[in-house]
Amino acid sequence: MPALARLANSARPRMPHSMDQGAVAEDREIEVTIMLRENPGGPTLDEIVNKLAGETLAQRRYYTREQFAKIHGSCAEDRRAVRQFATKHNLQVIETSVGARTMRVRGRVADVNDAFGVRLREFAVSDAGKVITYHANTDDIHLDEKLFLDAKGERRIEGVFGLDSRPIAKPLYKRLTAQPRAGSVSYNPPQVAAAYNYPAVDGKGITIGIIELGGTVSDADITAYFTRIGVAKPIVKHVSVDGAVDTPDPGGADVEVALDVEVIGGMVPGCTIVIYDAPNSEQGFINALAAAANDQVNKPVAVSISWGAPESGWNAMGMDGMDRAAMAGAAMGVTFTAAAGDNGATDGVRDRLAHADHPSSAPHIIACGGTNLLLNPNGTIKAEKVWGGVGARGATGGGVSDHFNTPDYQKNNGIAPESINPNKRKGCL
């Protein structure tokens, strides 16, 4: 028997109220993503991003995606080790991304169980009237040391994703179900842009990415909206991640997709919006971020994420995988933003504790919270306050991460956030 190495924090407790349906059928095929370390030697990704954080925008020199893949992508030795591992366990390598440092393999559950030292189980749970089924590893992953470690004993595997297929996130929006209160008012994207002195831009030649884990928007709806507000319509393209396609979800995720496209297109008239459609799973979410960061065809300059879930629903390996993908994007000049959540300090968790929403809690993703905005007749800001409070339907999220430590860029600016939870943990804000 080969020596095995445990991949710590690679299992999660099953979803609350889920029912164990037994072992996953051994002949069923699934796909698994293996995330490799960056090419050893030279400056590390941490060193590069920390250096950029200490420079002015004018001083910064970002990698092109081609340069990044060559210098900081996975190395040939590590990719060869994965291919040998796959062959040994009857798995097929179906996709390799040097820049994203990922290799996707496919195989029978029996072979996947053997390769990763797990016993996959099937679970079912009722959520909002729907029955969700998912497979998961109930114990940590164990890998052959010849794959996990190189000849120097250094770790070459950062993460393994796809052994847990549960839905990892929800679209973060609030639907107004009642008539607006007297005196309430709403603004379209150009009005909001003007209020914040957002520079008037011609979006032609600018590409913005959006991560979507479900839903779609019709061309007719887009055309009608931008005609109504008098703004040049964006070009909308789709990129499939892990075989996902845009799937209609009326009354659900469709609302989020339409909102994302309308706000971005309204702020950057005539831009190109690339929607990265991905499965709603840890594997799909991480691969979507990596795909956007390393997209050598569309090359988005910024990526918007309106999906998330409390950190308590993730494991350390998954959160680190998300942050590393965004960190790589930062080295290439790609800005990632994510919604901070719609359920206040608890993020909807009923344990009387504060919870930050991930991926907005990651150090290399900008968390975006909500406010109530009131403008003067001339379009300037009259009043603004944090969204929430007594009687509000929801509230903006945020808070101190229970996983990520305070990054240097916050420490260096005198920020030392402390959790309101009893542990008083200091972490990333």
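Residues numbered from 1 in each chain as written. Predicted model: local features only at pLDDT ≥ 70, side-chain atom pairs only at ≥ 80, totals over all residues. Heavy atoms only, no water.

Novice: Before we move on, can you summarise the pattern of salt bridges with the specific residues and values?
Specialist: For the coordinates displayed, the defined rule picks out 26 salt bridges. Between Lys51 and Glu55 there is a salt bridge, with its nearest N and O atoms 2.5 Å apart. (Salt bridge = Lys/Arg side-chain N within 4 Å of Asp/Glu carboxyl O.)

Novice: Requested: an account of the sheet that holds strand 13 (residues 272-277), with residues and values cited.
Specialist: Think of a sheet as strands paired side by side through backbone hydrogen bonds, with each pair either parallel or antiparallel. Judged by pairing direction, the sheet is parallel, and its 6 strands sit side by side in the order 12-13-11-14-16-18 without closing on themselves. On the outer flanks of this sheet lie strand 12 (235-240) and strand 18 (366-368), each paired with one strand and no other. The sheet shows a mean angle of 25° between the axes of neighbouring strands, direction not considered. Pairing analysis gives 6 bridges linking strand 11 (residues 207-212) to strand 13, with the strands arranged parallel. By the bridge assignment for strand 13, Glu212 is matched with Asp277. (Pairing = 2+ DSSP bridges. Helix = DSSP H or I, 4+ residues; strand = E, 2+ residues; numbered from the N terminus. Axes fitted to C-alpha atoms, helices over the stretch in contact; angles between N-to-C directions.)

Novice: Break down the sheet that holds strand 7 (residues 130-136) for me, citing the residues and quoting the values.
Specialist: Spatial ordering of the open sheet is given by 2-6-7, a layout of 3 strands whose pairing is antiparallel. Each end of this open sheet is capped by a strand with a single partner; those strands are strand 2 (19-23) and strand 7. Each strand axis lies, on average, 25° off the axis of its neighbour in the sheet, ignoring direction. Here strand 6 (residues 121-127) runs beside strand 7; their pairing, made up of 7 bridges, is antiparallel. Across the sheet, the residue bridging to Asp127 is Lys130, located in strand 7.

Novice: I'd like to hear about the nonpolar core, residue by residue, with values.
Specialist: Soluble globular proteins tend to bury their nonpolar side chains together. By size, the foremost hydrophobic cluster in this structure holds 73 residues, and its most contacted members are Phe116, Leu163, Ile211, Phe285 and Leu289. Those residues in contact with Leu289, other than ones at most four positions away along the chain, are Ile211, Ile305, Met322, Ala325, Ala326, Phe336 and Ile365. Membership of the second largest hydrophobic core comes to 16 residues, among which are Ile208, Ile222, Val261 and Ile273. (Core = buried A, V, L, I, M, F, W, Y, C linked by side-chain atoms within 4.5 Å. Buried < 20%, exposed > 50% of the residue type's maximum accessible area, 1.4 Å probe, protein only. Contact = heavy atoms within 4.5 Å.)

Novice: Quick one: what's the story with unusual backbone geometry, residue by residue and with numbers?
Specialist: Glycine aside, negative phi is the norm for most residues, and most peptide bonds take the trans geometry. In this structure, Pro359 follows His358 across a cis peptide bond, with omega equal to 20°. Along the chain, Pro359 turns up in the loop between strand 17 (357-358) and strand 18. Positive phi, normally seen in glycine, also occurs at Asn197, with a value near 60°. Along the chain, Asn197 turns up in the loop between helix 6 (189-195) and strand 11.

Novice: How would you explain helix 2 (residues 65-72) if you had to name every residue and give the values?
Specialist: Here helix 2 has its buried residues at Arg65, Phe68, Ala69 and His72. Buried positions in helix 2, seen along its axis, are confined to an arc of 110° and lie on one side of it. On its buried face, helix 2 is in contact with helix 1 (45-53), helix 9 (282-293) and helix 10 (316-331). (Arc of directions from axis to C-beta.)

Novice: Before we move on, could you go through the packing of helix 9 against helix 10 and cite the residues and values that matter?
Specialist: Close contact between helix 9 and helix 10 brings their axes to 8 Å; oriented N to C, the two are set at 10°. When the interaxial angle is binned, helix 9 and helix 10 end up roughly parallel. For the pair formed by helix 9 and helix 10, the contact residues are Glu282, Phe285, Ile286, Leu289, Ala290 and Ala293 on the first element and Gly318, Gly321, Met322, Ala325, Ala326 and Gly329 on the second. When the residues that make up the contact of helix 9 with helix 10 are grouped by side-chain class, the tally is 8 nonpolar, 3 polar and 1 charged. (Parallel < 35°, antiparallel > 145°, perpendicular 65-115°, else oblique. Nonpolar A, V, L, I, M, F, W, Y, C, P; charged D, E, K, R; others polar.)

Novice: How would you explain the environment of Asp20 if you had to name every residue and give the values?
Specialist: Along the chain, the position of Asp20 falls in strand 2. Accessibility expressed as a relative area gives 34% for Asp20, which makes it partly exposed. A sequence separation of 72 residues divides Asp20 from Gln92, and the C-alpha atoms of the two residues are 29 Å apart. If near-sequence neighbours (up to four positions away) are discounted, Asp20 is found in contact with Arg14, Arg121, Glu122 and Phe123. Among the polar contacts listed, one links the side chain of Asp20 to the backbone nitrogen of Gly22, at a separation of 2.7 Å. A distance of 3.3 Å separates a polar atom in the side chain of Asp20 from a polar atom in the side chain of Arg121. (Polar contact = N/O pair within 3.5 Å; in protein donor to acceptor, adjacent residues only side chain to side chain.)

Novice: Give a detailed account of the pairing of strand 11, specifying residues and quantitative values.
Specialist: When you tally the buried positions in strand 11, you get 6 out of 6 residues, the bulk of the element. What you see with strand 11 is no split at all: Thr207, Gly209 and Ile211 on one side and Ile208, Ile210 and Glu212 on the other are buried throughout. Sheet topology places strand 11 next to strand 14 (residues 302-305); 4 bridges connect them, and they run parallel. Looking across to strand 14, one finds that Ile208 is bridged to Ala302.

Novice: Report on empty space enclosed by the protein, specifying residues and quantitative values.
Specialist: As enumerated under the stated definition, the model contains 2 cavities of 30 Å³ or more in all. Taken as a whole, the largest cavity encloses approximately 60 Å³ of empty space. Taken together, 13 residues make up the lining of the largest cavity; nearest its centre are Ser10, Asn137, Val160, Asp164 and Glu282. The volume enclosed by the second largest cavity comes to roughly 50 Å³. Elements with a contribution of two residues or more to the lining of the second largest cavity: helix 9 and helix 10. No other element matches helix 10, which puts 3 residues into the lining of the second largest cavity. A per-class count over the lining of the second largest cavity returns 5 nonpolar, 2 polar and 2 charged. (1 Å grid on protein atoms, 1.4 Å probe; cavity = no way out; pocket = protein on both sides within 12 Å on 5 of 7 lines; lining within 4 Å. Points joined across faces, edges and corners; volume = space filled by probe spheres on them.)

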